[in-house]
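Working through the structure, step by step
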Amino acid sequence: MKTGHITQTYKVSRDTLRFYIKKGLLAPTIQEGHYRWSEQDCQELENILQLRELGLSIKAIQRMKEVHDTMCGTREQWIENRQVLQKEVAERRKMIQQLEAQIHNMSELINQLDKKLAGSENETRQKT
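Presented here is a report on the structure given in the accompanying data block. What you see is a predicted model; the values in this text were computed from it and never measured. (Residues numbered from 1 in each chain as written. Predicted model: local features only at pLDDT ≥ 70, side-chain atom pairs only at ≥ 80, totals over all residues. Heavy atoms only, no water.)

Some words on helix α1 (residues 3-10)
Note the following rule: Only protein chains enter the accessibility calculation, which uses a 1.4 Å probe. A residue is then buried if its area is under 20% of the maximum for its type, exposed if over 50%, and partly exposed in between. Secondary structure elements are taken from DSSP: a helix is a run of H or I of four residues or more, a strand is a run of E of two residues or more, and numbering for both begins at the N terminus. Throughout, the arc means the angular range of directions from the helix axis out to the C-beta atoms. Here, two residues are considered to be in contact whenever any of their heavy atoms come within 4.5 Å of each other.
Residues of α1 that are buried: Thr3, Ile6, Thr7 and Tyr10. On an axial view of α1, the arc spanned by its buried residues comes to 100 degrees, and they lie on one face. In this structure, the buried side of α1 is in contact with α2 (14-22), β2 (34-36) and α3 (39-53). Count one or two residues on from α1 and you reach lysine 11, which has phi positive near 55 degrees.

As structure tokens, then:
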């Protein structure tokens, strides 16, 4: 298959495909200066897209692919994949904590502004 067909079928941009190729996640063949996509390439792209939809980072996907390529179907692969996923979950929890702290800080600022607005409203009423 040609790249144009892949972009339409999987609703991904050419830049996304080039990025995945650059990161070593995909390796379509090149014929006459154009990528040619096999069924295997399409399956690998589908796997990447599914993992991205789950929220996995490119780094995590790279590691999972590396482990798959070297230890496919083994207990070691499952253990490594579990560790990769645990790390991703820990990173997301850290992000959530950071976002919660930011929300708290913004809420405090809103409260301060509400007090200032209420005070200025009272001053305006007293002047009239």
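Quick word on the nonpolar core
The nonpolar side chains of a soluble globular protein tend to be buried with one another. Rules: Only buried residues count toward a nonpolar core. Its members are Ala, Val, Leu, Ile, Met, Phe, Trp, Tyr and Cys residues joined through side-chain atoms within 4.5 Å.
Among the nonpolar cores identified, the biggest contains 18 residues, and Ile6, Leu17, Tyr20, Leu26, Trp37 and Leu45 are the most heavily contacted of them. Of all elements in the fold, only α1, α2, α3 and α4 (58-71) reach the threshold of two or more residues within this core. With four residues, the top contributor of residues to this core is α4. Ignoring sequence-local partners within four residues, the contact set of leucine 26 consists of Leu17, Tyr20, Ile21, Trp37, Asp41, Glu44, Leu45 and Ile48.

Some details on the environment of arginine 75
Within the element layout of this structure, arginine 75 appears in helix α5 (residues 75-127). Remark: the alpha-carbon pair of arginine 75 and threonine 9, spanning 66 residues in sequence, is separated by 34 Å.

A closer look at the side chain of glutamate 80
Using the following cut-off: Definition of a polar contact: a pair of N or O atoms within 3.5 Å, with one able to donate and the other able to accept a hydrogen when the atoms are protein atoms, and with sequence-neighbouring residues admitted only if both atoms are side-chain atoms.
On the secondary structure map, glutamate 80 appears in helix α5. A residue is classified by how much of its surface remains accessible, and glutamate 80, at 18% relative accessible area, is buried. Within polar-contact distance, the side chain of glutamate 80 engages the side chain of arginine 63 at 2.9 Å. For glutamate 80, the contacting residues outside a window of four places in its chain are Arg63 and Val67.

With respect to the packing of aromatic side chains
For clarity, the cut-off: Pairing of aromatic side chains here covers Phe, Tyr and the six-membered ring of Trp, requires ring centres within 6.5 Å, and sorts the geometry by plane angle: under 30 degrees stacked, over 60 edge-to-face, intermediate tilted.
Following the criterion strictly, the structure yields two aromatic pairs and no others. Considering the side-chain rings of phenylalanine 19 and tyrosine 20, the 6.1 Å spacing of their centres and the 55 degrees angle between planes classify their relative orientation as tilted. Residue classification places tyrosine 20 among the buried residues on the basis of a relative accessible area of 6%. Here tyrosine 35 and tryptophan 37 contribute two aromatic rings whose centre-to-centre distance is 6.2 Å and whose plane-to-plane angle is 55 degrees, an arrangement assigned as tilted.

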